[in-house]
Amino acid sequence: MRIISGIHKGRSIHAPKNLPVRPTTDFAKEALFNILSNHFDLEECSVLDLFCGSGNITYEFASRESKEITSVDINFHCTSFVKKTCSDFKMDQVKVIKSDVFSFLKNAFGKYDIVFADPPYDLEKIEQIPDLVFEKNILKENGMLILEHGPKTSFLQHPHFKEYRKYGNVNFSLLCKLSGSLSKD
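Rules used throughout
- Residues numbered from 1 in each chain as written.
- Predicted model: local features only at pLDDT ≥ 70, side-chain atom pairs only at ≥ 80, totals over all residues.
- Heavy atoms only, no water.
- Pairing = 2+ DSSP bridges.
- Helix = DSSP H or I, 4+ residues; strand = E, 2+ residues; numbered from the N terminus.
- Axes fitted to C-alpha atoms, helices over the stretch in contact; angles between N-to-C directions.
- Buried < 20%, exposed > 50% of the residue type's maximum accessible area, 1.4 Å probe, protein only.
- Expected span 1.5 Å × (residues − 1).
- Contact = heavy atoms within 4.5 Å.
- Core = buried A, V, L, I, M, F, W, Y, C linked by side-chain atoms within 4.5 Å.
- Phe/Tyr/Trp six-rings, centres within 6.5 Å; stacked < 30°, edge-to-face > 60°.
- Lys NZ or Arg CZ within 6 Å of the ring centre and 35° of its normal.

S.K.: How should the sheet that holds strand β5 (residues 139-149) be read in this particular structure?
M.R.: Note on sheets: strands pair through backbone hydrogen bonds, and any given pair is parallel or antiparallel. Ordered in space as β3-β2-β1-β4-β5-β7-β6, the seven strands form an open sheet in which the pairing is mixed. On the outer flanks of this sheet lie β3 (94-98) and β6 (161-167), each paired with one strand and no other. Across the sheet, the mean angle separating the axes of adjacent strands is 15 degrees when strand polarity is ignored. When strand β1 (residues 46-50) meets strand β4 (residues 112-117), the two strands line up parallel, connected through four bridges. Note on β4: the bridge partner recorded for V47 is I114.

Below, the structure is given as structure tokens:
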């Protein structure tokens, strides 16, 4: 896995083989960040990375100098790896939390511009993620929730659904808390 843009562009990250992860492909990651760059000034964003795994998305936001990034995963090995990598790369704006994502969301009190969630594709409660994010009101006005999911999952009927994108085997559903449009204003 590598960082595709920003101040750490081109750096390779070698996650241990024992991490239970499926990192977002570079192709899908690049497409996603092109979308996000058109809607947000990433340097001004606060980001929540749920099911952060190896930290692939966290590092990309940090490399693009997002001001605050909170990364959550239940796996001790994942959170330890992300903490060490962020320390090695001096990504001081990253806060790593070892927690069950559903418990974290139920007790969440922060506000984020972007929430990215990449749960296991076969997660039974995957459809609860957007409901918790919007019920707990953790997205800022004009904020966006991006869910990476498998082909059998659909959020098309969710009231906050904005758009769907597919890049190879990677599916993204974008859900928004809108006060008008998805512009950078």
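S.K.: Looking at this structure, how should I read the pairing of β4?
M.R.: Along any regular strand, the residues point their side chains to alternate faces of the sheet. Within β4, six of the six residues are buried, which leaves the element mostly enclosed by the surrounding structure. Looking at chain direction, β4 and β5 are connected through five bridges and run parallel. Bridged to F116 within β5 is I146.

S.K.: Would you mind going over helix α1 (residues 26-39) with me for this structure?
M.R.: With 14 residues, α1 ought to run about 20 Å at 1.5 Å a step, and its terminal C-alpha atoms sit 20 Å apart, in line with that. Listing the buried residues of α1 in full gives A28, K29, A31, L32, F33, I35, L36 and H39. Buried residues belonging to α1 abut α2 (56-63), β4, β5, β6 and β7 (170-177).

S.K.: Before we go on, may I ask you to explain the nonpolar core in this structure?
M.R.: One broad trend across soluble globular proteins is that nonpolar side chains are buried collectively. Counting residues in hydrophobic clusters, the biggest one holds 36 residues, and the most contacted among them are L36, F61, I114, I146 and F172. For this core, the secondary structure elements donating two or more residues are α1, α2, α3 (76-88), β3, β4, β5 and β7. Among the elements that make up this core, the one with the highest residue count is α1 (six residues). Ignoring any residue separated from it by four or fewer positions in sequence, one finds I114 in contact with L36, F40, L42, C45, S46, V47, L48, F61, M144 and I146.

S.K.: What's the story with the packing of aromatic side chains in this structure? I'm lost.
M.R.: Two measures describe an aromatic ring pair: the distance that separates the ring centres and the angle between the ring planes. Evaluation of the coordinates by the stated rule reveals five aromatic pairs. Ring centres of F27 and Y167 lie 5.9 Å apart, and the angle between their planes is 80 degrees; on these two criteria the pair is classed as edge-to-face. On the criterion of sequence distance, the pair formed by F27 in helix α1 and Y167 in strand β6 is long-range, its members being 140 residues apart. Classification of Y167 as buried rests on a relative accessible area of 13%. Judged by centre distance (6.1 Å) and plane angle (55 degrees), the rings of Y167 and F172 are tilted. Members of the aromatic cluster, connected to one another through ring pairs, are F27, F116, Y167 and F172. One cation-aromatic arrangement involves R11 over F89; the distance from NZ or CZ to the ring centre is 3.8 Å. Over the face of the ring belonging to F102 we find K125, whose NZ or CZ atom lies 4.4 Å from the ring centre.

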